[in-house]
Protein chains: 2
Amino acid sequence: MSKSTQREDHLKALYALAHGHASTWVSTSQMAVHLGVKPPSVTAMVQVLSELGWAEHRPYHGARLTATGRKLALSLVRKHRLWETFLVQRLGFGWEEVHDIAEQLEHVDSLELVERLDAYLGHPKSDPHGDPIPKADGTFHPEGEICVLADLDPVVRCKVKGVRDGSDDTLSAMSARGISLGSTLLPEDITTFPVTWLDQLLVCKAQE
Amino acid sequence: MSKSTQREDHLKALYALAHGHASTWVSTSQMAVHLGVKPPSVTAMVQVLSELGWAEHRPYHGARLTATGRKLALSLVRKHRLWETFLVQRLGFGWEEVHDIAEQLEHVDSLELVERLDAYLGHPKSDPHGDPIPKADGTFHPEGEICVLADLDPVVRCKVKGVRDGSDDTLSAMSARGISLGSTLLPEDITTFPVTWLDQLLVCKAQE
DNA sequence: TTGGATTTTTAGTCACGTCTAAAAATGCAC
DNA sequence: GTGCATTTTTAGACGTGACTAAAAATCCAA
Ligand SMILES: [Mn+2]
Ligand SMILES: [Mn+2]
Ligand SMILES: [Mn+2]
Ligand SMILES: [Mn+2]
């Protein structure tokens, strides 16, 4: 309910600054820089998003998306990237010219429009900048988005793409279990990992 | 400058309710009905448009577009109808489904976008509802829009499409000069007409 | 031409989203 | 641990664009 260009752009900022990792807290000042407004404005808006159930706000700590908020953010990213694709692929814009226009088009409200546009463009998997286009259900194509292992729901086979905040100890412990960049993790192994790892391992879904 | 969806929609309402005749005064309550808001809201907005130099407001009488306002309104109508054409022609929407979506798309701000869209669609002359699409310079294709003779600038050869507020006397006086529905008026004749006729004769430009 | 109904504007309020200035919380250096 | 610099939130204000209620202008009918 209750959409608006501003709410939507704040939601997107939250998503973007967490690099798509729903578990990451984002500071209001980070968002302020990203959005080109002052921090108090972001605080106010984050409180609104929180009331709408789209974000969680821990005062003096930061904000992060709820599951609902993430879905909305993804639908915005989807629209943004589909429009960018349209502008480049069909209207012949240069890839560097399309961001600001898509920034406006993404707020046009019509599910039917997005789905028809997607079909018209041949269900593209990525936008002109190479960024992946979320599917209508909010998931990415396989080999799509990188996320924190904790965010993998349901837990499926995935590939290690990086480690966040890994101390030497952690890294060697992971190595000892056969985990390294590019290695594949199986659901049955993941359940036996130390819980702290779940927030540290950056992964993407592996092909079946 | 200082555009906004609301200002733009009021501008369009003014244009639409005057049936494109820049000389016609439109009441604020008419606009209110058209826009789905209350009359005081329209009064306030019309005063803003007046400050911006886009409309003229004669209190307790009505509002009408200035030359600048008319140009802006025409560019909005152009965008609206081009997007409608895109939605039907390219995305396969039914012609009855596209109005509300175009109502949003028309506010996207990018000259480049409009012109590329126009070219992409093959410079269509009319939208899916048969309404003419203004050209980028704010004029219509020949045989396009009907206007009051007084609005013809410059005065060119045109065809009579109707008479507004014509008393029997006026009509017979016109007949006496050889004027009837469909007859062609030449610039040199027009200059000899009684001035009152200029606001009564509805015409459209005739092919050269 | 006068009075009442109707239309339109003004006055005052509100929600939204922004700002600046001040207060509060945090966290880092010593 | 205390104190100070930094970050963040709160407080208070403003502009936009909506509303309702009241006042003003207009129109029309007797
Ligand atoms: Mn945007
Ligand atoms: Mn992109
Ligand atoms: Mn509109
Ligand atoms: Mn149309």
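None of these values were measured; they are calculated from a predicted model.

Trainee: Hey, could you run me through the packing of helix α1 (residues 5–17) of chain B against helix α2 (residues 28–35) of chain B in this one?
Mentor: The packing of two helices is summarised by the inter-axis angle and the distance between the axes. Residues and elements named next belong to chain B. Two numbers describe how α1 lies on α2: the axes approach to 10 Å, and their chain directions differ by 115°. With respect to their mutual orientation, α1 and α2 come out roughly perpendicular. Crossing geometry of α1 relative to α2 is assigned as right-handed. Residues Asp9, His10, Ala13, Leu14, Ala16 and Leu17 of α1 form the contact with α2, whose participating residues are Gln30, Met31, His34 and Leu35. Grouping the amino acids of the contact of α1 with α2 by side-chain chemistry returns six nonpolar, three polar and one charged.

Trainee: Teacher, can you tell me more about the coordination of the manganese ion (ligand 1) here?
Mentor: Reference values for coordination geometry: four tetrahedral donors around a metal ideally subtend 109.5 degrees, six octahedral donors ideally subtend 90 or 180 degrees. Residue and element names in this part refer to chain A. Summarising the metal site, the manganese ion (ligand 1) is bound by the protein donors Asp9 (OD), Glu103 (O), Glu103 (OE), Glu106 (OE) and His107 (NE2), whose distances to it range over 2.0 to 2.4 Å. Each donor residue of the manganese ion (ligand 1) belongs to the same chain, and together they define the spacing D-x93-E-x2-E-H. You can call His107 buried: its relative accessible area is 13%.

Trainee: Looking at this structure, I do not really get helix α3 (residues 39–51) of chain A. What am I missing?
Mentor: Residues three or four positions apart in an α-helix share a direction because the helix packs 3.6 residues into each turn. All names here are of chain A. Compared with an ideal rise of 1.5 Å per residue, which puts 13 residues at 18 Å, α3 spans 19 Å between its outermost C-alpha atoms and is within 8% of the ideal. Within α3 the residues assigned to the buried category are Val42, Met45, Val46 and Leu49. Angularly, the buried residues of α3 cover 105° about the axis, an arc narrow enough to put them on a single face. More than 90 degrees from the buried face of α3, the exposed residues found are Pro40 and Glu51. If you follow the buried residues of α3, they end up packed against α1 (5–17), α2 (28–35), β1 (55–58) and β2 (62–65). Downstream of α3 by a residue or two, Gly53 has a phi angle that is positive, lying close to 80°.

Trainee: What am I meant to see in the protein's contact with DNA strand C here?
Mentor: Around DNA strand C sit 21 residues, and of these A:Gln6, A:Arg7, A:Ser41, B:Ser29 and B:His57 come closest. When the atoms of DNA strand C within 4 Å of the protein are grouped by moiety, sugar and phosphate amount to 77% of the total. Taking A:Ser41, its side chain carries an N or O atom lying 2.4 Å from a phosphate oxygen of DNA strand C. B:His57 has a polar side-chain atom sitting 2.5 Å from a phosphate oxygen of DNA strand C. Listed by contribution, the elements that provide at least two residues to the surface near DNA strand C are α1 and α3 of chain A together with α2 and α3 (39–51) of chain B. In terms of residue class, the surface near DNA strand C is made up of nine nonpolar, 10 polar and two charged.

Calculation notes
Residue positions are given per chain, counted from 1 along the sequence in the order it is written. Going through the entries in the order they are written, you letter the chains from A and number the ligands from 1. At least 70 in pLDDT is required for a residue's local features to be given in this predicted model, at least 80 for side-chain atom pairs to be given and counted, and no such filter applies to totals for whole chains, interfaces and linings, which use all residues. With hydrogens and water stripped out, all remaining heavy atoms of the structure feed into the side-chain values. Here an axis means a line fitted to C-alpha atoms, over the contact stretch when the element is a helix, while the angle between two N-to-C directions is reported on a 0 to 180 degree scale. Strands here are runs of E lasting at least two residues and helices are runs of H or I lasting at least four, both read from the DSSP assignment and numbered beginning at the N terminus. Roughly parallel covers angles under 35 degrees, roughly antiparallel covers those over 145, roughly perpendicular covers 65 to 115, and oblique covers all other angles. In this scheme, a crossing is called left-handed if the near helix is turned counterclockwise away from the far one by less than a right angle; it is called right-handed if the turn is clockwise. In what follows, residue pairs with any heavy atoms lying within 4.5 Å of each other are defined as contacts. Lys, Arg, Asp and Glu make up the charged group, whereas Ala, Val, Leu, Ile, Met, Phe, Trp, Tyr, Cys and Pro make up the nonpolar group; the residues left over, Gly among them, are polar. Excluding water, the donors of a metal are its N, O and S neighbours within 2.8 Å, or within 3.2 Å for Na, K and Ca, and that exclusion means sites may look incomplete. Three exposure classes are used, based on accessible area relative to the maximum for each residue type with a 1.4 Å probe and protein chains only: buried under 20%, partly exposed in between, and exposed over 50%. For a helix, the expected span equals 1.5 Å multiplied by the residue count minus one. To obtain the arc, one takes the directions from the helix axis to the C-beta atoms. Note on definitions. A residue lies near a molecule or strand when any single heavy atom of the residue is within 4 Å of it. Whenever a nitrogen or oxygen atom comes within 3.5 Å of another N or O atom, the pair is scored as a polar contact, on the condition that within protein one atom can donate a hydrogen and the other can accept it, and that pairs from neighbouring residues in sequence are kept only if both atoms are in side chains.

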